[in-house]
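Breakdown of the fold
Letter by letter, the chains look like this.
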Amino acid sequence: MSFEKFLFYVFAGILVWSAMMVITRKNPVHSVLFLVLAFFNSAGLWMLAEAEFLAIALVLVYVGAVMVLFLFVVMMLDINLAELRAGFVKSAPVAILVALLMGVQMVLVVGADRFGLSSMPAPEPKSADYSNTEELGLALFTQHLYAFEIAAVILLVGIIAAISLTMRRRPDNKYQDPGKQVVVKAKDRLRIVKMEAESTQ
Amino acid sequence: MEILIALWDALPLVVQIVLQIVAIMGPVLILVAYYTYAERKIIGHMQVRMGPNRVGFFGFRLMGLGQPIADAVKLMFKEIIIPSGANKFLFLSAPVLAIATALAAWAVFPFDAGLVLADINAGLLYILALTSLGVYGVIIAGWASNSKYALLGAMRSAAQIVAYEIAMGFALVGVLIASGSLDLGAIVEAQSGGLIHWFWLPLLPLFLIYFISGVAETNRAPFDVAEGESEIVAGFHVEYSGMTFAVFFMAEYANMILIAALTALMFLGGWLSPFQGTALESWFAWVPGIIWLLAKTFFFMFCFLWFRATFPRYRYDQIMRLGWKVFIPITIVWIVVVALMKVYEAPIWFS
């Protein structure tokens, strides 16, 4: 077994294990942390597949930003575990059936006769000056430009929708306008009054 | 000399790499120790105090130069208290996460032309990914401590770091448009030609935003609401004692050094001499590049301390406003400006 193959099995093993832990842990914070571990290991797998840019981007985007927000939300959730686990025994047979079906389907679609080494040989190793990033950029901005732009617009719509759904206008709230705060002058706020002394002692 | 080179080549690759790592980590950790001393001394003098001046070596006071060593020894011998109800594994792994990301980023950092541990062509991306992981140390520490103050500190820190990371990332996009490369060495080479060719001038807004966001990212004053000792005691590391606290402390300072060094590398020409292209160039030709890099880095490290002595802490909503409503729009606009300058080959910098 070559060293790369060994690494592949290490990454893949930890990936599957941590993915199992994500759905079996009782504590949601632990689940999120295992999901982070799963992302790390899939980044390792992508690195082995010579997709360096995608591997680092996965860590940067998912681990560095998305999962931080996940953790942020999950830590503040107040989840009643007893309620969540109430229907476990009753729905377990259905769940196992669905899981089995999905497993069989996945083996049929991505099994060895379609994605095996004979039909999908390993790509030629690239030379050291080959830039993954450049190739991806060229493909994205020429061949797949429309798909790229449409994805961008869909994301923008998603952002606007999320904000408009969750925005609450509360006119009774007191807001500060930093612009006004900056332009304020002492004479607008402070009045010095000359007063007679009221009594003399 | 030739014997030494032959000896070096005879070593196995693993030993070579370990020795190289030691050669980087040793100076960085010593710098971290003496950065804390410099902070106390500089802020002391700014506030007309003496700063630490008692602990020296062998009976000599030496302006308190022994202070960091004494602090380290003290922290090492203190008890590590684990709060009741805390998750022990996560509680202890949080400081490790914080320092590991701060130190691992140095792997791709070029100290001089070709003087780099791992010369990968996506160095900038790697550093961006690693620095974005540092927040996990803070969040996990806050959560695993089983303490309200710590959790509040972690929440503040998470929101703040996510906000400023976007601005920081956009600033780096500007750098990579200007240099046309993700390779840190190539980014420095793209700035060669003298003081006005360095990226601080064409990317002035991005330069300022990058450094200010770096201050926010490392949770330093005036953005240190994650610690906010007047409101939430010490924030995320309130439950940490002894060496676990010391590791957080070291991670914070290592991150500050990293941000300072990266700012010097990407906006002030890294190891390039400031006299390039002037009559003084040949006079200073004997100065090794790493000295210039260190001088620029030390300037930004000094700025961190200067800010702390100068500015009052930001209010939380003001931090959020500055990050989301001021910095991010400016960076987006300037990225477009840089791209236009690049396309139309603006004189001096991109022609």
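The structure under discussion appears in the preceding block.
Now for a quick tour of the structure. (Residues numbered from 1 in each chain as written. Chains lettered and ligands numbered in written order. Predicted model: local features only at pLDDT ≥ 70, side-chain atom pairs only at ≥ 80, totals over all residues. Heavy atoms only, no water.)

Looking at the interface of chain A and chain B
Contacts between the two partners involve 25 residues from chain A and, on the opposite side, 25 residues from chain B. Buried surface at the junction of chain A and chain B, both sides included, amounts to about 2,100 Å², of which 78% is carbon and sulfur. The three residues of chain A that bury the most area against chain B are Ile56, Leu60 and Met75 of chain A, which together make up 27% of that side's buried surface. At the junction of chain A and chain B, the tally comes to zero salt bridges. The tally of links from chain A across to chain B stands at two residue pairs in polar contact (both at pLDDT 80 or more). Within the residue set of the side of chain A that touches chain B, elements represented by two or more residues are α2 (28-48) and α3 (52-76) of chain A. The greatest single-element share of the side of chain A that touches chain B, amounting to 13 residues, is contributed by α3 of chain A. A per-class count over the side of chain A that touches chain B returns 19 nonpolar, six polar and no charged. (Contact = heavy atoms within 4.5 Å. Buried area = accessible area lost by both parts, 1.4 Å probe. Salt bridge = Lys/Arg side-chain N within 4 Å of Asp/Glu carboxyl O. Polar contact = N/O pair within 3.5 Å; in protein donor to acceptor, adjacent residues only side chain to side chain. Helix = DSSP H or I, 4+ residues; strand = E, 2+ residues; numbered from the N terminus. Nonpolar A, V, L, I, M, F, W, Y, C, P; charged D, E, K, R; others polar.)

Section: the environment of Phe245 of chain B
When you line up the elements, Phe245 of chain B lands in helix α11 (residues 242-267). When the C-alpha positions of Phe245 of chain B and Ile80 of chain B are compared, they lie 8.8 Å apart, and in sequence the two are 165 residues distant.

Re the packing of helix α6 (residues 134-144) of chain B against helix α7 (residues 148-179) of chain B
All names here are of chain B. Two elements in contact, α6 and α7, have axes whose closest approach is 7 Å; the angle formed by their N-to-C orientations is 155°. In terms of orientation, α6 and α7 fall into the roughly antiparallel class. The two elements α6 and α7 cross, and the hand of that crossing is left-handed. Listed contacts from α7 to Val135, Val138, Ile139, Gly142 and Trp143 of α6 are Ala150, Leu151, Ala154, Ser157, Ala158 and Ile161. Residue composition of the contact of α6 with α7, by class: nine nonpolar, two polar and no charged. (Axes fitted to C-alpha atoms, helices over the stretch in contact; angles between N-to-C directions. Parallel < 35°, antiparallel > 145°, perpendicular 65-115°, else oblique. Left-handed = near helix turned anticlockwise from the far one by under 90°.)

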